[in-house]
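Below are the chains, spelled out letter by letter.
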Amino acid sequence: MKIKFTLLFTEYNRSVSMMDPDHIKIFLNDDLEFPSCYLTVKEPSEALDQICYNNFRFDPSWLHYVVSDFRKTASTEYEVVYIASRPTINNCNKTGHFYTMQELSSLEKKIDPYYEQILRSKNFLIH
């Protein structure tokens, strides 16, 4: 059995209106995917630390994440989806980029409906 950990990570800009398209952005790695890894360590927190170390310049203990969902993705594979959000901090990511939904549309990047549903349930506006 394999367990995949996926992080849906958003940042919000307090200096603009909540209705402004630049208010909330979502992080995607260099492959335009949500950061993830497979559990090869003893504790789930270590998997999330690995995602953090691979993608960001801040200490993983600063990331306050919660389990958002769990699903079976294949006969022997499961996925745990974590979600986290924080205020905008410039240059905090090593890889990838934070995108608005408009930017993702211009890149013709579609978010998997499963992840889209999770983001909507957390008040992330998807147009």
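Every chain is numbered on its own, with residues counted from 1 as its sequence reads. Where local features are concerned, this predicted model is filtered to residues with pLDDT of at least 70; where side-chain atom pairs are given and counted, the filter is 80 or more; whole-chain, interface and lining totals use all residues. Water and hydrogen atoms were dropped before computing side-chain values, which therefore reflect all heavy atoms in the structure.

Asker: Residues and numbers for the packing of aromatic side chains, please.
Answerer: In this description, a pair of aromatic rings is defined by centroid distance and the angle of the planes. Each aromatic pair joins two rings of Phe, Tyr and Trp (for Trp, the six-membered one) with centres within 6.5 Å, and gets the label stacked for planes under 30 degrees apart, edge-to-face for over 60, and tilted for any other angle. This structure, assessed with the given rule, holds 12 aromatic pairs. Counting every residue linked through ring pairs, the aromatic cluster contains Phe9, Phe27, Phe56, Phe58, Trp62 and Phe98. A cation over a ring is seen here: Lys2 above Tyr38, with NZ or CZ 4.7 Å from the ring centre. Either the NZ atom of lysine or the CZ atom of arginine qualifies as a charge over a ring when it sits within 6 Å of the ring centre and within 35 degrees of the ring normal. Lying over the aromatic face of Tyr115, Arg71 brings its terminal NZ or CZ to 5.5 Å of the ring centre.

Asker: I'd love a proper account of helix α3 (residues 113–121), names of residues and values included.
Answerer: Each residue gets one of three labels from its accessible area relative to the maximum for its type: buried under 20%, exposed over 50%, partly exposed in between, using a 1.4 Å probe on protein chains only. Note on conventions: DSSP H or I runs of at least 4 residues are helices, E runs of at least 2 residues are strands, and numbering of each starts at the N terminus. Turning to α3, its buried residues number three or more, namely Tyr114, Tyr115, Ile118 and Leu119. Projected onto a plane normal to the axis of α3, the buried residues spread over an arc of 135° and lie on a single side. Within α3, the exposed residues directed more than 90 degrees away from the buried face are Pro113, Gln117 and Ser121. Contacts are assigned to residue pairs that have any heavy atoms within 4.5 Å of one another. If you follow the buried residues of α3, they end up packed against β1 (2–12), β2 (24–28), β4 (66–74) and β5 (77–87). For this analysis, a polar contact is any N or O atom pair within 3.5 Å, provided that within protein one partner can donate a hydrogen and the other can accept it, and provided that sequence-adjacent residues contribute only side-chain to side-chain pairs. Its side-chain oxygen 2.7 Å from the backbone nitrogen of Tyr114, Asp112 forms the N-cap of α3. Throughout, the arc means that of the directions going from the helix axis to the C-beta atoms.

Asker: Summarise unusual backbone geometry; cite the residues concerned and give the values.
Answerer: Negative phi values dominate among residues other than glycine, just as trans dominates among peptide bonds. Phi at Asn91 is positive, roughly 60°, even though this residue is not glycine. For Asn91, the position within the fold is in the loop between β5 and β6 (97–99). In this structure Asn91 comes out as exposed when scored by relative accessible area, which is 66%.

Asker: Kindly report on the environment of Asp112, identifying the contributing residues and their values.
Answerer: One can find Asp112 in the loop between α2 (101–106) and α3. Placed 79 residues apart in sequence, Asp112 and Glu33 show a C-alpha to C-alpha distance of 9.9 Å.

Asker: Describe the nonpolar core, naming the residues involved and giving the relevant values.
Answerer: Burial of nonpolar side chains together is a common tendency in soluble globular proteins. Take the buried residues of types Ala, Val, Leu, Ile, Met, Phe, Trp, Tyr and Cys, join any two whose side-chain atoms come within 4.5 Å, and each joined set is a nonpolar core. By size, the foremost hydrophobic cluster in this structure holds 17 residues, and its most contacted members are Leu7, Phe9, Phe56, Phe58 and Leu63. Going through the elements one at a time, β1, α1 (44–55) and β5 are the ones with two or more residues in this core. No other element matches the 4 residues that α1 contributes to this core. The next biggest cluster of nonpolar side chains, apart from the first, holds 14 residues, and it includes Leu104, Tyr114, Tyr115 and Leu119.

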